[in-house]
Amino acid sequence: MAMADEMPADVRSSLGQLLVEARNYATEGDSDTAASLLKSAHTVATNKLPEGTRRDRLRHGCLSAHEALPDGILAAAYIVAMERRLRD
């Protein structure tokens, strides 16, 4: 039986790719591209994850990382925290 907060494998993969790229661009100083990728990750989380704590935390993390830009180091720290949540 699937749990309500379970993440489908394809969504986990998509979010993982978006977050890795966002982190890389943030640390390289490309805030515009990082922001675009974070917006995409937020949209995926909103549209593809079931309502619940995981979805709420990932959406909040995307917004927090976006707000941290252009501080790439701080934004990357938020993104790393979200990447850890993907493995949970």
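Our structure is the block above this text.
Note that the coordinates shown come from a computational prediction; the quantities given were computed from them, not determined experimentally.

Parameters at a glance
- Residues numbered from 1 in each chain as written.
- Predicted model: local features only at pLDDT ≥ 70, side-chain atom pairs only at ≥ 80, totals over all residues.
- Heavy atoms only, no water.
- Core = buried A, V, L, I, M, F, W, Y, C linked by side-chain atoms within 4.5 Å.
- Buried < 20%, exposed > 50% of the residue type's maximum accessible area, 1.4 Å probe, protein only.
- Helix = DSSP H or I, 4+ residues; strand = E, 2+ residues; numbered from the N terminus.
- Axes fitted to C-alpha atoms, helices over the stretch in contact; angles between N-to-C directions.
- Parallel < 35°, antiparallel > 145°, perpendicular 65-115°, else oblique.
- Left-handed = near helix turned anticlockwise from the far one by under 90°.
- Contact = heavy atoms within 4.5 Å.
- Nonpolar A, V, L, I, M, F, W, Y, C, P; charged D, E, K, R; others polar.

**A short note on the nonpolar core**
Counting 24 residues, the largest nonpolar core has Leu15, Leu38, Leu58 and Met82 as the members making the most contacts within it. Elements that contribute at least two residues to this core include exactly α1 (9-28), α2 (31-48), α3 (53-68) and α4 (72-87). Ranked by the residues each element gives to this core, the list is headed by α2, at 7 residues.

**Looking at the packing of α3 against α4**
Close contact between α3 and α4 brings their axes to 8 Å; oriented N to C, the two are set at 165 degrees. By the criterion of interaxial angle, the relationship of α3 to α4 is roughly antiparallel. Viewed along their axes, α3 and α4 form a crossing whose handedness is left-handed. Across from Arg54, Arg57, Leu58, Gly61, Cys62, Ser64, Ala65 and Ala68 in α3, the residues of α4 making contact are Leu74, Ala75, Tyr78, Ile79, Met82, Arg85 and Leu86. Split into classes, the residues belonging to the contact of α3 with α4 amount to 10 nonpolar, 2 polar and 3 charged.

**What about the environment of histidine 42?**
Within the fold, histidine 42 resides in helix α2. Using a relative accessible area of 18% as the deciding quantity, one classes histidine 42 as buried. Between the C-alpha atoms of histidine 42 and tyrosine 78, which are 36 residues apart in sequence, the distance is 13 Å. Each residue touching histidine 42, except ones within four places of it in the same chain, is listed here: Arg59, Cys62 and Leu63.

**Notes on the packing of α2 against α3**
Here α2 crosses α3 at 165 degrees, and the two axes come no closer than 9 Å. Between α2 and α3, the angle falls in the class roughly antiparallel. Note that α2 runs across α3; the crossing there is left-handed. Only Arg55, Leu58, Arg59, Cys62, Leu63, Ala65 and His66 of α3 make contact with α2, whose side of the interface consists of Ala35, Leu38, Ala41, His42, Ala45 and Thr46. Residues of the contact of α2 with α3, tallied by class, amount to 8 nonpolar, 3 polar and 2 charged.

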